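Structure at a glance
One letter stands for each residue in the lines below.
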Amino acid sequence: MTRIWSGPLQDGYMITDAPSPIMVKKDGSKHMLERYDHQGRLLWETAGKGLFVFGLGIEEDGMLLLLSLQQTGKNTVRAIMNGIRLDDGKDSWRTDLGVVSLNDDEIGSLWRYNNRPIFVHRSNAFLLLENRAICMSVTSGKIRSDWQIPRQGENITHSDVIWLPLKKDIIVVSGANVVLMSEDKGRNWHASLGEMYTATEA
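Residues numbered from 1 in each chain as written. Predicted model: local features only at pLDDT ≥ 70, side-chain atom pairs only at ≥ 80, totals over all residues. Heavy atoms only, no water.

A few words now on the packing of aromatic side chains. Within this structure, the stated rule accounts for one aromatic pair. With 5.6 Å between their ring centres and 10° between their planes, Phe119 and Trp163 make a pair best called stacked. Of the two residues, Phe119 is situated in strand β9 (residues 118-121) and Trp163 in strand β13 (residues 161-165); the sequence distance between them amounts to 44 residues. A relative accessible area of 15% places Phe119 in the buried class. A relative accessible area of 11% places Trp163 in the buried class. (Phe/Tyr/Trp six-rings, centres within 6.5 Å; stacked < 30°, edge-to-face > 60°. Helix = DSSP H or I, 4+ residues; strand = E, 2+ residues; numbered from the N terminus. Buried < 20%, exposed > 50% of the residue type's maximum accessible area, 1.4 Å probe, protein only.)

Here it is in C-alpha cells:
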C-alpha cells in the first residue's frame, strides 16, 4: 500500500479521499469535518449539527453530501442533507428531508446495516430514507422526486444494497425488493420478488 499522506490519529473515519482526505469525528453533540491535503496538512474544518449518518464526496461536482439526523422535539428526529463545497468546506445548500421514525423495519433505515444509503448518478443523488425513494440535485439540493415505496405484506428483510445505474435512472436491489428510482416521479416502481433463501450446504 502506498501512503499518500500522514497526519495525527483521528477518532473518526475517512469519508472520501477524492480529491483529498476528508475525515469526520464526533465532537460532543456535533460532528467535525476536516479536509487534509496529500501531505497531511489541514485545509479546512467545519462543524456539523446532529448525528452524522453518511457522507459522500462527488469530485466532478465539487460537492460533499452529508446526511445527518437532528432532534427537533422530545420524540422528533429530522433527516437533513447538506451540500458542502469541497474547495472551502462552506455550506452550499441544506435540505430538510422531514421526520424519520428510526424504525429498523423500514426499507431505507439502511445506514444501520453499514450499507450505502446514497448513490450519485448524472449529478443526481438517489437516497433511500425509510420507505421513501428520493432523487435530488447534487448542485442545488432541490428534491426532484420523493416517492413512497409501497409496503406489501410483512416487513422487508434487510440485506446488502446493490445500486445499478441505467442511462438516466437507477435500479436498487435489497433482498427480495427491486426499486426503480428516477427524477421523474411517474417512472418510479417497486417489485417484491417474494421470499429469498440463503443457500446452505447440503
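Looking now at the sheet that holds strand β12 (residues 143-148). The strand order β9-β10-β11-β12 describes an open sheet built from four strands, whose pairing is antiparallel. Across the chains shown, the open sheet's two edge strands, defined by having one partner strand only, are β9 and β12. With direction set aside, neighbouring strand axes in the sheet form an average angle of 15°. In this sheet, strand β11 (residues 132-137) lies alongside strand β10 (residues 124-129) in antiparallel orientation, the contact comprising six bridges. The residue bridging Phe126 from the neighbouring strand is Cys135, located in β11. (Pairing = 2+ DSSP bridges. Axes fitted to C-alpha atoms, helices over the stretch in contact; angles between N-to-C directions.)

For the rest of this paragraph, the subject is the pattern of salt bridges. All chains considered together, the criterion is met by eight salt bridges. The partner of Asp87 in a salt bridge is Arg85, with the nearest N and O atoms 3.9 Å apart. By relative accessible area, which is 57% here, Asp87 ends up exposed. On the basis of relative accessibility, which here comes to 31%, the residue Arg85 falls in the partly exposed class. Taking the shortest distance from any N to any O, the salt bridge between Asp146 and Arg132 comes out at 2.8 Å. Here Arg132 lies in strand β11 and Asp146 lies in strand β12, a separation of 14 residues in the sequence. (Salt bridge = Lys/Arg side-chain N within 4 Å of Asp/Glu carboxyl O.)

As a further point, take unusual backbone geometry. One non-glycine residue, Arg122, lies in the positive phi region at around 55°. Mapped onto the secondary structure, Arg122 falls in the loop between β9 and β10. Located in the positive-phi region is Ser123, a residue other than glycine, with phi close to 65°. Mapped onto the fold, Ser123 is located in the loop between β9 and β10. In this structure Ser123 comes out as partly exposed when scored by relative accessible area, which is 30%.

Before going further, it helps to examine the sheet that holds strand β7 (residues 76-85). Strand order in the open sheet formed by four strands is β5-β6-β7-β8, with antiparallel pairing between adjacent strands. Only two strands of the sheet have a single neighbouring strand rather than two, namely β5 (51-58) and β8 (91-100). Adjacent strand axes in the sheet meet at a mean angle of 20°, parallel and antiparallel pairs treated alike. Two strands pair when backbone bridges link them, and strand β6 (residues 63-73) and β7 are joined in this way by 10 bridges, in the antiparallel orientation. Note on β7: the bridge partner recorded for Gln70 is Arg78.

In this section: the confidence of the model for the chain. Chain-level statistics for the chain give a pLDDT mean of 79 and a share of 77% at 70 or above. When mean pLDDT is taken per element in the chain, β12 scores highest with 93 and strand β1 (residues 13-16) scores lowest with 80. Within the model, the stretch residues 104-114 combines pLDDT values under 50 with 36 contacts to residues more than four positions away or in other chains. Overall, residues 196-202 carries pLDDT values under 50, and its contacts beyond four positions in sequence, including any with other chains, amount to two contacts. (pLDDT = per-residue confidence, 0-100. Contact = heavy atoms within 4.5 Å.)

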